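If you want the building blocks of each chain, they are given just below.
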Amino acid sequence: MSRWPLRWLARRLAQSLLVVLAMTVIVFAGLHAIGNPVDILIGQDVDQVERARIIARLGLDQPLWRQYLAFLHGALRGDLGNSLVYNVPAIQLILQRLPATLELAVAALLLAVLVGVPLGLFAGLYPEHPLSRVLMTGSIVGFSLPTFWVGLMLIMAFSVRLGWLPSGGRGATAEWLGVPWSWLTADGLRHLILPAINLSLFKVSLVLRLTRAGVREVLPQDWVRFARAKGLSPQRVVLGHVLRNTMIPLVTVLGLEFGSTIAFAVVTENIFAWPGAGKLILDSINALDRPVIVSYLIVVVCLFVTLNLIVDVLYKLLDPRVRLEAAA
Amino acid sequence: MSAIDNAASTAQADPQALRRESPWRRVAADFFSSRTAVFGLVLLAILVLAAIFAPLVTPQNPYDLMQLDVMDARLAPGAASGTGTYSYWLGTDGQGRDIFSGILYGLRISLTVGVGSALIAGIAGTLLGLLAAYAGGRVDSVIMRTVDLLLSFPSILVAMMILAFLGKGVLNVVLTLVILEWAYYARAARGQALVESRREYVEAARGQGISNWRIVVGHILPNCLPPLIVIGSLQVARAITLEATLSFLGLGVPVTEPSLGLLIANGYQFMLSDEYWISFFPGIALLVTVVAINLVGDRLRDVLNPRLQK
């Protein structure tokens, strides 16, 4: 246990940095592959001298690798240029919208766990029960359902037909830690319900299947039989032994899924007019607002790499088998 | 069922027959023993035929403006057309397009994009995977690190990034899907090839002095196919859903070539006025298509997985 964690952590950190660096290269190359930024920034009526001056001022006369270094230098200081539409720093725009997206993603994952784990537990404990079969078939449909279409149908049913819930927006927000949140007000919560359900649909199926598979794997193990033989009540065996050991892979997957939930929030946010980063990025793509697109990509990639890192570290800490293997 | 039983009993009685029964026939027999899988396959066949023969089946060509009548716009399902010659079973959209016709023509685009991208990605990914397994060393690590990088990001994010730079269009969508999907095939092909290359039959072929290229293509590749076929079938479903999502977001196919996703997007603006059918039916068609493919793919996975065979 003495040396390996630090060395492993250092290697893992270096890997993460490499991924972020690779992504900046790809994004930068992508930006340059599609066209000369000069044509977008400078109007047609500018004469040659003025044009050359602007090009020099923007550093566009430099070789590409030098431009890349300048881009990287700006990125490190959090300067990725101003939004062409809003004329404020792009990174600031993203960070302002991010809490709304995080709120939605957390709500969706919470819902997935609260619904998926009990159902998966049931399907795992009673695999022959008719309800379990319905659940398993249902989860295939859950995987196949096009998220955006379900979103439209939810609006159709609960907003237009029944009129129970609002069809879009964040509703009233309350401030906490200097950021407005919807879940702190009753009206905001009402606005949160439909988008959260929509975003969680795929994850519910995933959690259900994972929990079921985990339970099926754990049940025949010796220590579960031993716990039963010891005379523990079925509830204690299920909650204390079976469920606990199913949780390790589940936590890992959920950690990784958090990133993809944020990415897929783009779809949900656009259907429900939820003013998060996902709605902003789509609007920016349509408006060709490149600084915002680049900032979004870099922020999300960093978020992703950090999440993967945290999940990896937690996994090492949680699972005694992985810990022992590494120590040996 | 009885035909299969008969085949099994003759096979037992006659060792010659056993030798003649090809593995593919056994796989087919296994496949057809599941009722849900057969249901999925039949459903899929109907959808594919309907898409291919769309001009013969549909009452109008939804993209021939001469055949559209604006007076017929936004009619509810079952309404008769203005000319009275046919009825709109599933209603019409904002431009008087028959939804049923639109779905079948849209299905053509969705299926073409899904199958096309899966095929191209399958070929490219398999070749790169085999190359990685065979070349080893630096080639291997470059290919596999790229695969790791691609697979560590959610598909929608990578797709948005590529399409933000490329712009919309059917070919751009196919290219995007290929970039997203090849990694799955490459990883599977490499893993399988590494396992196969240590088998005795490869050793035997090498001993006979057969060239490396012929060993890879003629001996290793056929034995790598089963897992790749499974991935392929499931990737078609994934590709169709992703294409629909991207088109819905306005990043996918252009309005002149509407896929199912774009048809659903067209109905978005009419949702709030309770005209559900414009989005509802294309969505059902999309769902049924994807479920049918997934049912077939799920069964293929069980049938082709050597670990599950007795």
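Computed from a predicted model, the values in this text were never measured in an experiment. (Residues numbered from 1 in each chain as written. Chains lettered and ligands numbered in written order. Predicted model: local features only at pLDDT ≥ 70, side-chain atom pairs only at ≥ 80, totals over all residues.)

### Remarks on the overall build of chain A
Then comes step 1: Of the regular secondary structure elements, chain A holds 13 helices and two strands.
Then comes step 2: Overall, the C-alpha framework of chain A stretches about 90 × 60 × 35 Å when taken along its three principal axes.
Then comes step 3: Contacts in chain A between residues at least 24 apart in sequence constitute 70% of all its contacts with a sequence separation of at least 6. (Helix = DSSP H or I, 4+ residues; strand = E, 2+ residues; numbered from the N terminus. Contact = placed C-beta atoms within 7 Å.)

### Here's the deal with the overall build of chain B
Then comes step 1: A count of helical and extended segments in chain B gives 13 helices and two strands.
Then comes step 2: Residues counted as buried form 43% of the 310 residues belonging to chain B.
Then comes step 3: Taking all contacts inside chain B whose residues are at least 6 apart in sequence as the whole, residues at least 24 apart take part in 69%. (Buried ≥ 20, exposed ≤ 12 C-beta atoms within 10 Å, placed from the backbone.)

### Describing the interface of chain B and chain A
Then comes step 1: Across the boundary between the two partners, chain B contributes 30 residues, which contact 33 residues of chain A.
Then comes step 2: Elements with a contribution of two residues or more to the side of chain B that touches chain A: α8 (155-166), α11 (212-248), α12 (260-271) and α13 (277-304) of chain B.
Then comes step 3: With seven residues, α13 of chain B is the single largest residue contributor to the side of chain B that touches chain A.
Then comes step 4: Residues that form the side of chain B that touches chain A fall into these classes: 22 nonpolar, seven polar and one charged. (Nonpolar A, V, L, I, M, F, W, Y, C, P; charged D, E, K, R; others polar.)

### A look at the packing of helix α7 (residues 147-161) of chain A against α12 of chain B
Then comes step 1: Following both chains from N to C, one finds α7 of chain A and α12 of chain B inclined at 15 degrees, their axes separated by 11 Å at the closest point. Taken as axis vectors, α7 of chain A and α12 of chain B run roughly parallel relative to one another. For the pair α7 of chain A and α12 of chain B, the sense of crossing is left-handed. Contacts from W149, L152, I155, M156 and V160 of chain A of α7 of chain A reach α12 of chain B at I264, Y268 and M271 of chain B.
Then comes step 2: Residues that form the contact of α7 of chain A with α12 of chain B fall into these classes: eight nonpolar, no polar and no charged. (Axes fitted to C-alpha atoms, helices over the stretch in contact; angles between N-to-C directions. Parallel < 35°, antiparallel > 145°, perpendicular 65-115°, else oblique. Left-handed = near helix turned anticlockwise from the far one by under 90°.)

### Re helix α10 (residues 200-207) of chain B
Then comes step 1: Counted residue by residue, α10 of chain B has zero buried out of eight residues, so it is predominantly exposed.
Then comes step 2: Where α10 of chain B ends, the next residue or the one after it, G209 of chain B, has phi of about 80 degrees, a positive value.

### Thoughts on α8 of chain B
Residues and elements named next belong to chain B.
Then comes step 1: End to end, α8 covers 16 Å across twelve residues, agreeing with the expected 16 Å (1.5 Å per residue, within 8%).
Then comes step 2: For α8, the set of buried residues is S155, I156, L157, A159, M160, M161, L163 and A164.
Then comes step 3: At the exit of α8 stands G167, carrying a positive phi of roughly 85 degrees. (Expected span 1.5 Å × (residues − 1).)

### So, unusual backbone geometry
Residues and elements named next belong to chain A.
Then comes step 1: Phi is positive for A273, close to 50 degrees, though the residue is something other than glycine.
Then comes step 2: Residue placement: A273 occurs in the loop between α10 (234-271) and α11 (277-286).
Then comes step 3: Judged by C-beta crowding, with 14 C-beta atoms within 10 Å, A273 ranks as partly exposed.

### Some points on the packing of α8 of chain B against α11 of chain B
Residues and elements named next belong to chain B.
Then comes step 1: One way to put it is that α8 packs onto α11 with a least axis distance of 11 Å and a crossing angle of 50 degrees. If you check the angle between α8 and α11, you find them oblique. In terms of crossing hand, the pair formed by α8 and α11 is right-handed. Within the contact between the two elements, α8 uses S155, I156, A159 and L163 and α11 uses L242, T245 and L246.
Then comes step 2: Residues that form the contact of α8 with α11 fall into these classes: five nonpolar, two polar and no charged.

### Digging into the environment of A14 of chain A
Then comes step 1: With respect to the helices and strands, A14 of chain A occurs in helix α1 (residues 4-33).
Then comes step 2: Sequence spacing of A14 of chain A and G168 of chain A is 154 residues, and the spatial spacing of their C-alpha atoms is 42 Å.

### Here we look at the confidence of the model for chain B
Residue and element names in this part refer to chain B.
Then comes step 1: Residues at a pLDDT of 70 or more form 85% of chain B, whose mean pLDDT is 81.
Then comes step 2: Across chain B, element-level confidence peaks in helix α9 (residues 170-196) with a mean pLDDT of 91 and bottoms out in helix α1 (residues 2-13) with 45.
Then comes step 3: The model gives residues 1-15 a pLDDT under 50, and that stretch makes five contacts with residues more than four places away or in other chains. (pLDDT = per-residue confidence, 0-100.)

### Quick look at the environment of H241 of chain A
All names here are of chain A.
Then comes step 1: The topology assignment puts H241 in helix α10.
Then comes step 2: Given 19 C-beta atoms within a 10 Å radius, H241 is considered partly exposed.
Then comes step 3: H241 sits 51 residues away from R190 along the chain, and the two C-alpha atoms are 37 Å apart.
Then comes step 4: Not counting chain neighbours up to four residues away, the residues in contact with H241 comprise W223, V224 and A227.

### Focus on the nonpolar core
Then comes step 1: In terms of nonpolar packing, the biggest core is built from 150 residues, with I94, L104 and V266 of chain A together with I103, M160, Y185 and A186 of chain B touching the most fellow members.
Then comes step 2: For this core, the element with the most residues is helix α5 (residues 90-125) of chain A, which contributes 16 residues.
Then comes step 3: The residues contacting I103 of chain B, other than those within four sequence positions of it, are L260, L263, F281, P282 and A285 of chain B. (Core = buried A, V, L, I, M, F, W, Y, C linked by C-beta atoms within 7 Å.)

### Quick word on the confidence of the model for chain A
Then comes step 1: Looking at chain A as a whole, the pLDDT averages 81, with 90% of positions reaching at least 70.
Then comes step 2: No element of chain A has a lower mean pLDDT than helix α13 (residues 320-327) of chain A, at 54, and none a higher one than α5 of chain A, at 90.

### Let's talk about the environment of D289 of chain A
Then comes step 1: The topology assignment puts D289 of chain A in the loop between α11 and α12 (290-318).
Then comes step 2: For D289 of chain A, the residues in contact, after removing those within four places along its chain, are S83, L84, V85 and S284 of chain A.

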